[in-house]
Amino acid sequence: MPPKRTLKYYLFLKPIALLLRTLAHTLAPRITPTPNETLHIPSRDPQRTIKVHVYSPPNPPPGKPDKGPLHSTPTPRPVLLNFCGSGYIIQGHGLDNTYCRHIATNTPYTVFDVQYRMAPEHPFPAALEDAEDVLAYVRSQPEIYDVSRVGLSGFSAGGNLATSLAANHEGPFRVLVAFYPVVDATRPLEERRAPEVGGWALPGWFVRFCTVAYLSREFEGGDVRISPIGRAVGGDSGDRGWRVERVLLVSAARDLLALEVEELGGLLLKGGDGEFLKKVVVERVDGVGHAWDKVAKEGTVEWEKMMRAYGMVVDLLN
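So, here is what we can say about the structure in this document. As the structure is a prediction and not an experimental result, all values here were calculated from the model.

Some thoughts on the overall build of the protein chain
Link 1 in the chain: A count of helical and extended segments in the protein chain gives seven helices and ten strands.
Link 2 in the chain: Here the protein chain has a C-alpha radius of gyration of 19 Å; the compact-globule value for 318 residues is 20 Å, and the two agree.
Link 3 in the chain: With the C-alpha coordinates of the protein chain rotated into their principal frame, the extents come out at 65 × 50 × 40 Å.
Link 4 in the chain: By residue count, 51% of the 318 residues in the protein chain fall in the buried class.
Link 5 in the chain: Pairs at least 24 apart in sequence give 74% of the contacts found in the protein chain among residues at least 6 apart.
Link 6 in the chain: Put simply, the protein chain shows about 14,800 Å² of open surface, and 55% of that area lies on carbon and sulfur atoms.

This is how it looks when you write it as structure tokens:
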């Protein structure tokens, strides 16, 4: 059932979201995704499906012998579920094309780049439900996908979705990778500051608007679905989540979200139990702002920093 529209939606949320989408379409770099195939995965809503771009490794794993030497069944493939940045309101599906292709080319992982629903038309928990449905789809097909090697990846708002899955689902997950994610969605704006001053910075008003549009109503700060930093790590209280072997959190030094990302990394570093959170890496990229990798030009210092960060993901997956 679609969310009930309020006067606030028609007079404030919808018009500003449309304006921001128009600006993004005008100013953002044009990217043509190059997936190997496109899937339309069933949603919990029988009236719709979830679009997924699939990036496949150039050399698929060899098949397992079956019914004699001339026959084999495909070896289940490890999968990395990726969720793009969006601010929850601007469709960014396809912007991670360079990243997804790099991961698929340099690791055995098939990358699912997931298109999820946007607010304010589809507020919380719509986007998270889409992420959960794609995860359930992968896990329902162990003959095709290696359910012991499922990874989560995301950028900005998509990083919030990936981190929320890791915090609130039983797992196990092989890796969690999050670039400049929102990990405390209800943190007051005055408590956020970028560690480094200079260059373009994510405007505070934009963060505030995106949060209001996504949540649509007031939420308690302790809701770990939207603020996964609140999920306890380790001990009995952490049994429901953080069943992740390896974690990479990447912050941008000129980003308002950097300190909360690094705060989460510190909590996860302390929470390893030998089976999960075996390796937690928190990487701050100096001299760049939020989503710097989406506008980096080949041959620049920013491009070099981007490829180094993407290389860290490859190392983690391999």
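Having put the structure on the table, let's press on.
Details of the pairing of strand β10 (residues 279-285)
Link 1 in the chain: As defined by bridge partners, strand β9 (residues 244-252) adjoins β10 across seven bridges and the pair is classed as parallel. Opposite R246, over in β10, you have K279 as the bridge partner.
Link 2 in the chain: Note on the crossover from β9 through helix α6 (residues 258-270) to β10: the handedness is right-handed.

Structural notes on the environment of E132
Link 1 in the chain: Position of E132 relative to the elements: it lies in helix α3 (residues 126-139).
Link 2 in the chain: In this structure the C-alpha to C-alpha distance between E132 and F179, which are 47 residues apart in sequence, comes to 20 Å.
Link 3 in the chain: Once residues within four sequence positions are removed from consideration, E132 is found in contact with R44, L165 and H169.

Focus: α6
Link 1 in the chain: Taking 1.5 Å per residue, 13 residues should reach 18 Å; α6 reaches 19 Å between its end C-alpha atoms and fits that length.
Link 2 in the chain: The elements touched by buried residues of α6 are α4 (157-168), β9 and β10.

Comments concerning the sheet that holds strand β2 (residues 49-55)
Link 1 in the chain: Read from one edge of the open sheet, eight strands run β1-β2-β6-β5-β7-β8-β9-β10, paired in mixed fashion. One side of each edge strand has no neighbouring strand; the edge strands of this open sheet are β1 (37-42) and β10. For this sheet, the mean angle separating the axes of adjacent strands, direction not counted, is 20°.
Link 2 in the chain: Bridging between strand β5 (residues 77-83) and strand β7 (residues 145-155) involves six bridges; their strand directions are parallel.

A look at helix α5 (residues 204-215)
Link 1 in the chain: Between its first and last C-alpha, α5 extends 17 Å over twelve residues, near the 16 Å set by a 1.5 Å rise per residue.
Link 2 in the chain: In terms of burial, α5 is largely enclosed, as ten of its twelve residues are buried.
Link 3 in the chain: Along α5, the residues that are buried comprise G204, F206, V207, F209, C210, T211, V212, A213, Y214 and L215.
Link 4 in the chain: Taken together, the buried residues of α5 touch α1 (7-27), α3 and α4.
Link 5 in the chain: S216, located one to two residues past α5, shows a positive phi value of around 65°.

Here is what the cut-offs are and how they apply
- Residues numbered from 1 in each chain as written.
- Predicted model: local features only at pLDDT ≥ 70, side-chain atom pairs only at ≥ 80, totals over all residues.
- Heavy atoms only, no water.
- Helix = DSSP H or I, 4+ residues; strand = E, 2+ residues; numbered from the N terminus.
- Rg over C-alpha atoms; globule rule 2.2 N^0.38 Å.
- Buried < 20%, exposed > 50% of the residue type's maximum accessible area, 1.4 Å probe, protein only.
- Contact = heavy atoms within 4.5 Å.
- Areas by Shrake-Rupley, 256 points an atom, 1.4 Å probe, with all protein chains shown as cover.
- Pairing = 2+ DSSP bridges.
- Right-handed = clockwise from strand over helix to strand, strands pointing away.
- Expected span 1.5 Å × (residues − 1).
- Axes fitted to C-alpha atoms, helices over the stretch in contact; angles between N-to-C directions.

None of this, on its own, says anything about what the molecule does.
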